[in-house]
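Survey of secondary and tertiary structure
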Amino acid sequence: MKIIVDAMGGDNAPESAVWGGALAAREYGEEVLLVGRSETVEAVLKEKGLQDTQGVTIMPASDLVDMHDDPATVLRKKPDSSMAVAFKLLKAGEGDALVSAGNTGALLTGATLFGGRIKGIRRGALAPVMPCKGGQVMLCDAGANTECTAEMLLQFAFLGSLYAEKIGGVNRPRVGLVNNGTEDTKGDPLRKEAYTLLKKAGDEGRLNFVGNVEGSMVPLGACDVAVCDGYSGNVMLKTIEGVAKFMAGEIKTVFMRNLATKLGYLACKKGMDDFRELFNQDKVGGAPFLGIAKPVIKAHGSSNEIAVMNAVRQAITYTKSGMIDAVSENIAYMTVE
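Quick summary incoming for the structure in this document. (Residues numbered from 1 in each chain as written. Predicted model: local features only at pLDDT ≥ 70, side-chain atom pairs only at ≥ 80, totals over all residues. Heavy atoms only, no water.)

**A few points about the environment of Ser-16**
If you trace the backbone, Ser-16 turns up in helix α1 (residues 15–28). Spatially, the C-alpha atom of Ser-16 lies 4.3 Å from that of Glu-305, the residues being 289 residues apart in sequence. Engagement of the side chain of Ser-16 in a polar contact is seen with the backbone oxygen of Ser-303, the distance being 3.3 Å. (Helix = DSSP H or I, 4+ residues; strand = E, 2+ residues; numbered from the N terminus. Polar contact = N/O pair within 3.5 Å; in protein donor to acceptor, adjacent residues only side chain to side chain.)

Next up, the structure:
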């Protein structure tokens, strides 16, 4: 298997992307194609003592996509950027999956244009997982599509459910529709129409639909897949991340108040370390673009080498899972006449 890594994408590139890609090749025994400026990639590999790592191939690209570039046009305007070259390799079949911590919008554009959507899928969805009570919950969509139709929300539900089952190992994943109330009459016209479609799929046994879920219920484990439009999903994701950081900081302030509280902290340090580890996104690696015909994994923009390594692991797992074939097999239940 060959995993393509955008070596120049992300806040910590090229160091984190190159280092993490080489670690992944060594750890998982698959080939990693590092796409970027050859001399820069070689310098990082040499600095980290990984220049002789088996399974690492450098694919030259003289330019890069930064966070200020226009996502809709940058791949056309910068055809020799590391992201554009990476997508060309994916389209040509020279790699099985692609990993990048670069510009999210440009990555979605590339995934759609070069990877292509699975036949019948209206839009690809960005689907990160986050910790919740009792395990993890997937948000689908979390930023790829700010404006959605009810059919798109139905497709997001199926995509998230199949991913949670095939890759997350969840038996009959619970699917909830994020709404401003749990009653079936709640929500705007989009949410009401989507509710009708999701309930029908649930009644037919195609989905394990548990109904509407409020935002406060998602972190409490109300569902395994939280369905929402990209705007709402992204706001929810960033809000939960911010609240988690705020709470962790406030707890630390309480414990550091005086000698007695510091001694108390030492007594429960293991528990506090476990709490912080819940929100360690480096372990997850990244978020897949679901509905795309070839695996594309979006690593967090601030990914370090461990996060990139785990994003490559995620790409390998995704490619082997049969997820894309499963979507094609169920597409008849995911479309609205």
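Let us keep going from here.
**Describing the layout of surface pockets**
The volume enclosed by the largest pocket comes to roughly 1,000 Å³. Together, 37 residues line the largest pocket, and Leu-237, Glu-241, Gln-281, His-300 and Ser-302 are the ones closest to its centre. Secondary-structure elements contributing two or more residues to the lining of the largest pocket are β6 (129–132), α8 (230–255), α10 (269–278), β11 (286–290) and β12 (296–299). Grouping the amino acids of the lining of the largest pocket by side-chain chemistry returns 17 nonpolar, 13 polar and seven charged. In this model, the second largest pocket occupies a volume close to 390 Å³. If you trace the second largest pocket, you find 18 residues lining it, with Val-129, Gln-136, Tyr-163, Ile-167 and Gly-168 closest to the centre. Breaking the lining of the second largest pocket down by element, the ones donating at least two residues are β7 (135–140), α6 (150–166), β11 and α11 (305–320). Residues belonging to the lining of the second largest pocket are distributed by class as follows: eleven nonpolar, five polar and two charged. (1 Å grid on protein atoms, 1.4 Å probe; cavity = no way out; pocket = protein on both sides within 12 Å on 5 of 7 lines; lining within 4 Å. Points joined across faces, edges and corners; volume = space filled by probe spheres on them. Nonpolar A, V, L, I, M, F, W, Y, C, P; charged D, E, K, R; others polar.)

**Notes on empty space enclosed by the protein**
Per the counting criterion, the structure on display carries one cavity of 30 Å³ or more. Around the largest cavity, the lining residues are Val-5, Asp-6, Gly-9, Ser-16, Ala-17, Val-99, Ser-100, Ala-101, Ala-299, Ser-303 and Val-308. For the lining of the largest cavity, the secondary structure elements donating two or more residues are β1 (2–6), α1 and β4 (97–100). Looking at side-chain class alone, the lining of the largest cavity contains six nonpolar, four polar and one charged residues.

**Description of the packing of aromatic side chains**
Each aromatic ring pair is described using two quantities: the centre-to-centre distance and the angle formed by the ring planes. Under the criterion given, the structure shown has four aromatic pairs. We note Lys-48 situated over the ring of Trp-19; from NZ or CZ to the ring centre the distance is 4.0 Å. Directly above the ring of Tyr-333 sits Arg-206, whose terminal nitrogen or CZ lies 3.7 Å from the centroid. (Phe/Tyr/Trp six-rings, centres within 6.5 Å; stacked < 30°, edge-to-face > 60°. Lys NZ or Arg CZ within 6 Å of the ring centre and 35° of its normal.)

**Digging into the pattern of salt bridges**
Counted according to the given criterion, the structure contains twelve salt bridges. Notably, a salt bridge pairs Asp-188 with Arg-191, separated by 2.9 Å at the nearest N-O pair. Note on Asp-188: relative accessible area 34%, which makes it partly exposed. Under the relative-accessibility criterion, Arg-191 is labelled buried at 11%. (Salt bridge = Lys/Arg side-chain N within 4 Å of Asp/Glu carboxyl O. Buried < 20%, exposed > 50% of the residue type's maximum accessible area, 1.4 Å probe, protein only.)

**A short note on the sheet that holds β12**
The mixed open sheet is built from seven strands, whose spatial order is β3-β2-β1-β4-β12-β11-β5. Edge positions in the open sheet fall to β3 (56–60) and β5 (125–126), since each of these has one partner strand only. As paired elements, β4 and β12 share three bridges and run parallel to each other. Across the sheet, residue Leu-98 finds its bridge partner in β12, namely Val-296. Contacting β1, β2 (31–36) and β3, α1 crosses the sheet at an angle of about 165° to β2. Strands β2 and β3 of the sheet are contacted by helix α2 (residues 38–47), whose axis makes an angle of about 155° with β3. (Pairing = 2+ DSSP bridges. Contact = heavy atoms within 4.5 Å. Axes fitted to C-alpha atoms, helices over the stretch in contact; angles between N-to-C directions.)

**Quick notes on the packing of α6 against helix α7 (residues 189–203)**
Interhelical geometry of α6 versus α7 gives an angle of 45° and a closest axis separation of 8 Å. It follows that α6 is oblique to α7 by the angle criterion. As for the relative orientation of α6 and α7, their crossing is right-handed in sense. Every residue of α7 that contacts α6 at Ala-150, Glu-151, Leu-153, Leu-154, Ala-157 and Phe-158 is listed here: Leu-190, Glu-193, Ala-194, Leu-197, Leu-198 and Ala-201. (Parallel < 35°, antiparallel > 145°, perpendicular 65-115°, else oblique. Left-handed = near helix turned anticlockwise from the far one by under 90°.)

**Notes on the environment of Gln-155**
Locating Gln-155 in the fold gives a position in helix α6. We classify Gln-155 as buried; its relative accessible area is 0%. Between the C-alpha atoms of Gln-155 and Gly-36, which are 119 residues apart in sequence, the distance is 35 Å. When neighbours within four sequence positions are excluded, Gln-155 is seen to be in contact with Gly-120, Ile-121, Arg-122, Arg-123, Met-334 and Thr-335. A polar contact of 3.1 Å, which involves the side chain of Gln-155, links it to the backbone oxygen of Met-334.

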